[in-house]
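# Fold and geometry: a report
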Amino acid sequence: MSKSVSIIVPTYREAGNIPTLVQRIEGALAPTGRKFDLWLMDDSPDGDKTPVVVADLNKQWVHLIKRSGTRGLGHAVVEGLERSKGDIQVVMDADLSHPPEKVPELIAAAEADDCDFAIGSRYAPGGTIAGNWSLLRHLNSRAATLVARPFTRARDPMSGFFALKRELLTRAPAALNPIGYKIGLEILVKCGCKRIREVPIHFEDRQVGTSKMGLKQQLQYVRQVRALARFKFGELARFAEFGLVGTSGTAMNLIAVTAAHSIGLSVRGSIAVAILVSMSTNYLLNRAITFRDMVRNGSARPMWKEYLWFVAVSSVGAAVNWWVASALAQRWENVPFGLQEGTLVGVLAGLAFNYAGSRLLVFGK
Ligand SMILES: Nc1nc2c(ncn2[C@@H]2O[C@H](COP(=O)(O)OP(=O)(O)OP(=O)(O)O)[C@@H](O)[C@H]2O)c(=O)[nH]1
Ligand SMILES: [Mg+2]
């Protein structure tokens, strides 16, 4: 017997789209002879509007779940995946951006033995996007996809149109963290999906209703990516964050030295101020970003002591940097670019020292 299918659709003020969605899903799936149902996971604050629309359809296979737990797209999808019982689970948007006619193909892809995760893909060969996307929206989408590159080889891991075997989710070693908009990416990474099939789709623009995509969702995406990086790359991801904060500190240093000198401070005075400023911003950013989880877990030290420790560790780090760079530059005197190469290794040694010190002595006490 062919496998049963559950389609999960998160909805937020989509009453205008639901009738067409249901009709097109039925038109696509009824001819396949499969058993299927639809789960509308609804967070709409629209009173009776959505329930009335669904009741009028009078379809036994359509379930409207008025959610009461944590609101949001990611949570809605995860709850739908937990509640629905189809052997194959399909997730798609309500706004008809994802063509229901492609669902049978997506199911066939997900069903294959050698497939962990099937994606309705805009970026696989043959996939297209409705013509009226602005350049900015294209760039945004491409940039977000590029950021996901270290996690997966899928061409369109950001797609909200995907399918999987129900048993896949039992494989997630860490519970899914549905903070972000990109729950497909979350599943891909947390369940370690390697065998991915992408079914090209034409991505249509929504005709009815309004978008919920905004700055807030984009910031959530950044948070999601950070959490996934920690999950997949562990300590290395934290070290990369430390390096990025250090880079921002260099920029701060340049700004501060210029500003201090322009208001009349001496050269030496300006350099001293700049070092103090960049050390302080580095401290605050590392506290807020790199070691946030450790700070939250209760590093018992008061902040001023923590700061002084940070300054102390960083000063020793600077000395390590100087010592390594000088030793190597002298040794490589006759090597082309020996000075620069020595300096670079010195910077890396200082960075590694600072990282270890911050990790163990400052924030991880
Ligand atoms: N349950 C639930 N669904 C949501 C929420 N926010 C968005 N959705 C649904 O998630 C799907 C995708 O949201 P959209 O607003 O279409 O986001 P988008 O596709 O990035 O943007 P546009 O297509 O340009 O509007 C739609 O079916 C929405 O109804 C939410 O907070 N809760
Ligand atoms: Mg949409």
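Residues numbered from 1 in each chain as written. Chains lettered and ligands numbered in written order. Predicted model: local features only at pLDDT ≥ 70, side-chain atom pairs only at ≥ 80, totals over all residues. Heavy atoms only, no water.

## Some details on the overall build of the protein chain
Formally: Only DSSP runs of H or I covering at least 4 residues are called helices, and only runs of E covering at least 2 are called strands; the numbering of each starts at the N terminus. Values of the radius of gyration come from C-alpha atoms, whereas the globule rule sets the reference at 2.2 Å times the count of residues to the power 0.38. Exposure categories follow from relative accessible area, calculated using a 1.4 Å probe and restricted to protein chains: below 20% of the type maximum is buried, above 50% is exposed, and the middle band is partly exposed. The criterion used for residue contact is that any of the two residues' heavy atoms lie within 4.5 Å. To measure how exposed things are, a 1.4 Å probe is used in the Shrake-Rupley method; for residues, cover is taken only from the protein chains shown. Positive residues here are Lys and Arg, negative ones are Asp and Glu, while His and the chain termini are left out of the count. We put the charge of a Lys on NZ, of an Arg on CZ, of an Asp on CG and of a Glu on CD.
From N to C terminus, the protein chain includes 12 helices and 9 strands. Its C-alpha atoms give the protein chain a radius of gyration of 26 Å, more than 25% over the compact-globule value 21 Å for 365 residues. In terms of principal-axis extent, the alpha carbons of the protein chain reach across some 80 × 45 × 40 Å. By the burial criterion, 44% of the 365 residues in the protein chain qualify as buried. Considering only intrachain contacts with a sequence separation of at least 6, the fraction spanning at least 24 residues in the protein chain is 76%. Roughly 19000 Å² of accessible area belongs to the protein chain as shown, and the carbon and sulfur atoms make up 61% of that amount. Placing the 44 positive and 31 negative side-chain charges of the protein chain at their respective mean positions leaves the two points 7 Å apart.

## Quick notes on the site of ligand 1
Quick reminder of the rule: Any residue with a non-hydrogen atom lying within 4 Å of a molecule or strand is treated as near it. Under the rule applied, a polar contact is a pair of N or O atoms within 3.5 Å (in protein, one hydrogen donor and one hydrogen acceptor; residues adjacent in sequence only if both atoms are side-chain atoms).
Pro10, Glu14, Asp43, Arg206 and Ser211 are the nearest of the 18 residues found near ligand 1. At a separation of 2.7 Å, a nitrogen atom of ligand 1 approaches a polar side-chain atom of Asp43. The separation between an oxygen atom of ligand 1 and a polar side-chain atom of Asp95 is 2.8 Å. Burial of ligand 1 by the protein amounts to 91% of the accessible area it has alone, namely 630 Å².

## What to know about the sheet that holds strand E5 (residues 117–121)
Formally: When DSSP finds two or more bridges between two strands, those strands count as paired. Only the contacting stretch of a helix is used when fitting its axis, a line to C-alpha atoms as for every element, and angles between N-to-C directions run 0 to 180 degrees.
Pairing is mixed in the open sheet, where 7 strands are placed in the order E3-E2-E1-E4-E7-E5-E8. Edge positions in the sheet fall to strand E3 (62–66) and strand E8 (196–200), since each has one partner strand and no second. With strand direction ignored, the average angle separating the axes of adjacent strands in the sheet is 20 degrees. In terms of strand pairing, strand E1 (residues 5–11) meets strand E2 (residues 36–42) through 7 bridges, oriented parallel. Looking across to E2, one finds that Val9 is bridged to Leu40. Along the sheet face, helix H1 (residues 18–29) touches E1, E2 and E3 and points at about 160 degrees away from the line of E2. Contacting E2 and E3, helix H2 (residues 49–57) runs over the sheet at an angle of about 165 degrees to E3.

## Regarding the pattern of salt bridges
Charged atoms that come close allow side chains of opposite charge to pair. The criterion, for reference: Definition used for salt bridges: Asp or Glu carboxyl oxygen within 4 Å of a side-chain nitrogen of Lys or Arg.
Counted by the stated rule, this structure contains 23 salt bridges. Between Asp42 and Lys66 there is a salt bridge, with its nearest N and O atoms 2.8 Å apart. Of this pair, Asp42 sits in strand E2 while Lys66 is found in strand E3, placing the two residues 24 residues apart along the sequence. On the accessibility criterion, Asp42 (1% relative accessible area) is buried. Assessed through its relative accessible area of 38%, Lys66 is described here as partly exposed. Taking the shortest distance from any N to any O, the salt bridge between Lys66 and Asp46 comes out at 3.7 Å. Residue Lys66 is found in strand E3, and its partner Asp46 is found in the loop between E2 and H2; the two are separated by 20 residues along the sequence. You can call Asp46 buried: its relative accessible area is 14%. The network of salt bridges with common partners includes Asp43, Arg67, Arg71, Glu79 and Arg83.

## Some remarks on the domain arrangement of the protein chain
Heads up, the condition is: Throughout the structure description, domain borders are defined by an automatic or database domain assignment. Put simply, buried area is how much 1.4 Å-probe accessible surface two parts lose in total, over both of them, once they are put together.
As assigned here, the protein chain comprises domain 1 (5–233) and domain 2 (235–362). For domain 1 and domain 2, the distance between their C-alpha centroids amounts to 43 Å. Contact with domain 1, which involves 4 residues of that partner, is made by 8 residues of domain 2. Considering only the surface of domain 1 that becomes buried against domain 2, Arg226, Arg230 and Phe233 emerge as the three largest contributors, covering 94% of it.

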